[in-house]
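Structure at a glance
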Amino acid sequence: MLNCYGNRCLNYTQYQNPTFSTKTCMPTMTSQKGPPSCILAVNAGSSSLKLQLFSVGRSDTIASDLVPKLLLKSAVSNLASPPAKFTFQNFEKHGHSIESQDLKDIQSVVGAFEFFLKFLRKDRSGVRESQVDEITHICHRVVHGGEVGERGPLVMDSRTLKLLEEVISLAPLHNGPADLIMKAALKSFPKATNVAFFDSSFHNSLPDFIRVYPIDQKVAKARKLRKYGFHGLSYHWILKNVAGFLGKDENETSIIALHLGSGASMCAIKNGKSFDTTMGLTPLEGLPGGSRSGTIDPSLIFHYSSRPADSDKVSSVELSHAESILNLSSV
Ligand SMILES: Nc1ncnc2c1ncn2[C@@H]1O[C@H](COP(=O)(O)OP(=O)(O)O)[C@@H](O)[C@H]1O
Ligand SMILES: CC(=O)OP(=O)(O)O
Ligand SMILES: [Mg+2]
């Protein structure tokens, strides 16, 4: 799969349907329509949009292997602290010079994606029209996969988009924009296969005693309230590179990894699998981030939004009810 966290691709296995290995969360991609020609990788984060375009060719050594070649790298960053900044680097253009400009009117990752698509087709981008038309696959980083994304990547169509809409409320800062970007991509590239790769899939190895919150289990099960964990694509990339650096197999590599960006988390990786991570049901839990509190006393929210000392407010009743849910119902 292609990873937009680094400027190199990790591995590219043949694209079969896609199925995937639950062990590594890496997909094997088969296409009914034949091998991919150009792949666009899209990483929508909370403060930036990062994009890379690859062409895919046959390996010189093993004919059946497909090798991606990085053609361009682009980003719109600073979305959480405007003005947004656009960068674009075409590796096929002489000098590989980076184009850079402030985008005063772009405030969202969806706006950034639309700007990128327009720029791609401009002469200035140096990207041939035929290359854009050859985009056969678009790989999207999607933060929350909920239960449908547990086993790995999904080809996006109206049915899978609908399934994913159910988890938007669990990661509104990320999944909402990703949903809009996937819809825009399906519209702009109707012939391309769109695949969602989930940050949460890497953590499907969490042991039950970590995954389960100490709350009423009937409610927890019915509403799928449990630890999911995120930044998994980044953690897999870190794992792969650390294992490579140490000359070990991934399943013999145990590390504590930190992803420190606009969203921040930590992950304990034991023998190549996520064992514990700081983010939970949503990307709010754990370390504080660029625009989020991270873990706070769960009662704080009720005290923050109500004033229990004001006797004339009913909110004090609501407050004690809310706290009793957290206290008594957790037993
Ligand atoms: N070299 C750096 N030094 C300090 N902070 C950085 C550096 N690189 C990135 N950051 C921080 O990370 C943020 C971007 O985080 P990132 O995770 O890449 O984006 P996103 O949250 O959109 O995925 C920036 O807003 C900045 O605060
Ligand atoms: C999951 C998450 O927090 O992602 P990001 O760092 O891109 O905001
Ligand atoms: Mg990020």
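As a convention, each chain's residues are numbered from 1 in the sequence order in which they are written. Following the order in which they are written, the chains are lettered starting with A and the ligands numbered starting with 1. Confidence filtering applies because this is a predicted model: local features only for residues at pLDDT of at least 70, side-chain atom pairs given and counted only at 80 or more, and all residues used for totals across whole chains, interfaces and linings. The basis for the side-chain values is all heavy atoms of the structure; hydrogens and waters are excluded.

A look at the site of ligand 1
In the neighbourhood of ligand 1, the contacting residues comprise G45, S46, S47, S48, K50, H259, G261, S262 and G263. Counting of polar contacts relies on pairs of N or O atoms within 3.5 Å, with two restrictions inside protein: one atom must be capable of donating a hydrogen and the other of accepting it, and residues adjacent in sequence are counted only when both atoms are side-chain atoms. Between an oxygen atom of ligand 1 and a side-chain N or O atom of S46, the distance comes to 3.2 Å. At a separation of 2.7 Å, an oxygen atom of ligand 1 approaches a polar side-chain atom of K50. Each accessible area is a Shrake-Rupley result for a 1.4 Å probe, and residues are judged covered by the shown protein chains and nothing else. Calculation on ligand 1 without its partners gives an accessible area of 570 Å², and the protein chains cover 43% of this total. Residue polarity is assigned by list, with Asp, Glu, Lys and Arg as charged and Ala, Val, Leu, Ile, Met, Phe, Trp, Tyr, Cys and Pro as nonpolar; anything else, Gly included, falls into the polar class. Taken together, the residues that form the shell around ligand 1 break down as no nonpolar, eight polar and one charged. Looking at which domains feed residues into the shell around ligand 1, each of domain 1 (19–198) and domain 2 (205–277) supplies at least three. The rule for a residue being near a molecule or strand is that one of its heavy atoms must lie within 4 Å of it. For the domains described, the bounds stem from an automatic or database domain assignment.

Things to note about the UniProt feature "binding site: ATP" (unreviewed entry) in the chain
Within this structure's numbering, the places UniProt gives as "binding site: ATP" (unreviewed entry) are K50, H259, L260, G261, S262 and G263. The numbering of helices and of strands both runs from the N terminus, where a helix is a DSSP run of H or I of at least 4 residues and a strand a run of E of at least 2. Mapped onto the fold, L260 is located in strand β11 (residues 255–260). Type-normalised accessible area, obtained with a 1.4 Å probe on protein chains alone, sets the label of each residue: buried when under 20%, exposed when over 50%, and partly exposed for intermediate values. Of the residues examined, L260 reaches a relative accessible area of 62% and is grouped as exposed. Position of G263 relative to the elements: it lies in the loop between β11 and β12 (264–270). Taking relative accessible area as the criterion, G263 reaches 6% and is therefore assigned buried. UniProt positions are given in the numbering used here, feature names are shortened, and annotations may be inferred rather than shown by experiment.

A short note on the UniProt feature "site: Transition state stabilizer" (unreviewed entry) in the chain
As recorded in UniProt, the feature "site: Transition state stabilizer" (unreviewed entry) lies at H231 and R292. With respect to the element layout, H231 can be found in the loop between α6 (217–222) and α7 (232–246). The buried category is assigned to H231, whose relative accessible area is 6%. Position of R292 relative to the elements: it lies in the loop between β13 (273–277) and α8 (300–305). R292 gets classed as buried once you look at its relative accessible area, which sits at 13%. In this view, R292 contacts S46, L173, H174, S262, G263, M279, P283 and L284; residues no more than four positions away in its chain are not counted. Among the polar contacts listed, one links the side chain of R292 to the backbone oxygen of P283, at a separation of 3.3 Å. Contacts are residue-level and defined by heavy atoms, with any inter-residue pair within 4.5 Å sufficient.

Regarding the sheet that holds β12
We call two strands paired when DSSP finds no fewer than two bridges between them. Within the open sheet, the three strands sit side by side as β11-β12-β13. Their pairing is antiparallel. The two strands at the open ends of the sheet, each matched to only one other strand, are β11 and β13. Geometrically, the sheet is characterised by an average inter-axis angle of 30° between neighbouring strands, direction not taken into account. Alignment of β11 against β12, held across six bridges, turns out to be antiparallel. Bridged to L258 within β12 is M266. Helix axes are fitted to C-alpha atoms over the stretch in contact, other axes to C-alpha atoms as well, and angles between N-to-C directions run from 0 to 180 degrees. Contacts from α7 reach β11, β12 and β13 within the one sheet, and its direction differs from that of β11 by about 130°.

A short note on the pattern of salt bridges
Put simply, a salt bridge is a Lys or Arg side-chain nitrogen that is within 4 Å of an Asp or Glu carboxyl oxygen. Here the structure, examined in full by the defined rule, presents 14 salt bridges. A salt bridge links D199 to R141, with the shortest nitrogen-to-oxygen separation between them at 2.7 Å. Linking D199 in the loop between β10 (193–198) and α5 (208–211) with R141 in strand β8 (residues 135–142), this pair joins segments that are 58 residues apart in sequence. Judged by relative accessible area, which is 0%, D199 ranks as buried. A salt bridge links K183 to E165, with the shortest nitrogen-to-oxygen separation between them at 3.1 Å. Placement of K183 in helix α4 (residues 172–188) and of E165 in helix α3 (residues 158–165) is noted, with a sequence separation of 18 residues between them. For K183, a relative accessible area of 34% puts it in the partly exposed group. Residue classification places E165 among the partly exposed residues on the basis of a relative accessible area of 31%. It is possible to trace a salt-bridge network through shared partners that takes in E150, D208, R211 and R226.

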